[in-house]
Amino acid sequence: MQRTKRQKQAGAEIFRITGARMGLAEDVRGRQRRYVISMVVRTLSVIATVVLWNVERHVAIVTLVAGALLPYVAVVIANAGRESTPTLPSHFVPAPVRPVLEAGNLKKSSDQS
């Protein structure tokens, strides 16, 4: 656990939670970044298709297919849900068993009042 000087002076310890999910804003920013990178790669592949069409047709066809498929892949990746939540503990702790009152004890307690 790391503490800064200010935290030591104040006397309060702040612990890092490693199992917590990242914040929503950070998650959206990461997905936007991946989408923009995918679109830049797509743009470069379309430009490569135009440049290579009369020079190396086989490579141009591969870049054309990549340019056609990348938008779909980018949208699927960008719209993917948030990261999965941490898993639950591997063992199950049952609820404690509460004793049951018998019928005879119940009548005695009602007669006393």
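See above for the structure.
In this report, we go over the structure that sits alongside the text. The residue count restarts for each chain, going from 1 along the sequence in the order it is written. Two thresholds apply to this predicted model, a pLDDT of at least 70 for residue-level local features and 80 or more for giving and counting side-chain atom pairs, whereas whole-chain, interface and lining totals are computed over all residues. Side-chain figures throughout are based on the complete set of non-hydrogen atoms in the structure, without hydrogens or water.

1. Remarks on the overall build of the protein chain
Point 1. Scanning the protein chain from N- to C-terminus turns up 4 helices and 0 strands.
Point 2. Taken across its 113 residues, the protein chain has 12% of its residues classed as buried.
Point 3. The contact criterion used is simple: two residues touch if any of their non-hydrogen atoms lie within 4.5 Å. Nonlocal contacts in the protein chain, meaning residues at least 24 apart in sequence, comprise 64% of its contacts between residues at least 6 apart. A run of H or I in DSSP becomes a helix once it reaches four residues, and a run of E becomes a strand once it reaches two; helices and strands are each numbered from the N terminus. Burial here depends on accessible area, computed with a 1.4 Å probe over protein chains only, as a share of the maximum for the residue type. Under 20% is buried, over 50% is exposed, and the range in between is partly exposed.

2. A few points about a nonpolar patch on the surface
Point 1. A cluster of nonpolar side chains, Tyr35, Val36, Val40, Leu44, Ile47, Val51 and Val75, forms an exposed patch at the surface whose accessible area comes to about 610 Å².
Point 2. Looking at the nonpolar patch element by element, the count peaks at 6 residues for helix 2 (residues 24-52).
Point 3. Looking at where Val75 falls in the secondary structure, it is placed in helix 3 (residues 57-78).
Point 4. We classify Val75 as partly exposed; its relative accessible area is 37%. Each patch is built from residues that are more than 30% exposed by relative accessible area and take part in no salt bridge. Like charges join if they lie within 9 Å; nonpolar side chains (Val, Leu, Ile, Met, Phe, Trp, Tyr) join within 5 Å. Per-residue accessibility takes into account occlusion by the displayed protein chains alone, with areas from the Shrake-Rupley method and a 1.4 Å probe. Basic side-chain nitrogens of Lys or Arg form a salt bridge, by our definition, when they fall within 4 Å of a carboxyl oxygen of Asp or Glu.

3. Brief notes about helix 2
Point 1. Taking 1.5 Å per residue as the helical rise, helix 2 with its 29 residues ought to reach 42 Å, and the 42 Å between its terminal C-alpha atoms agrees with that figure.
Point 2. Along helix 2, the residues classified as buried are Asp27, Gly30, Arg31, Ser38, Met39, Ser45 and Thr49.
Point 3. As for helix 2, its buried residues are in contact with helix 3. Given a helix with a known number of residues, its expected span is that number minus one, times 1.5 Å.

4. Structural notes on the packing of helix 2 against helix 3
The packing of two helices is summarised by the inter-axis angle and the distance between the axes.
Point 1. Every angle, taken between N-to-C directions, lies between 0 and 180 degrees, and every axis is a line fitted to C-alpha atoms, over only the stretch in contact when it is a helix. Their axes nearest at 8 Å, the elements helix 2 and helix 3 cross at an angle of 160 degrees. In terms of orientation, helix 2 lies roughly antiparallel with respect to helix 3. Crossing of helix 2 against helix 3: the hand is left-handed.
Point 2. Here the contact of helix 2 with helix 3 is composed, by residue class, of 16 nonpolar, 5 polar and 4 charged. Any angle between 65 and 115 degrees counts as roughly perpendicular, while under 35 counts as roughly parallel, over 145 as roughly antiparallel, and the rest as oblique. By convention, the crossing between two helices is left-handed when the near helix turns anticlockwise from the far helix through less than a right angle, and right-handed when the turn is clockwise. Think of it as three bins: nonpolar holds Ala, Val, Leu, Ile, Met, Phe, Trp, Tyr, Cys and Pro, charged holds Asp, Glu, Lys and Arg, and polar takes everything else, Gly as well.

Shape descriptors only; they carry no functional weight alone.
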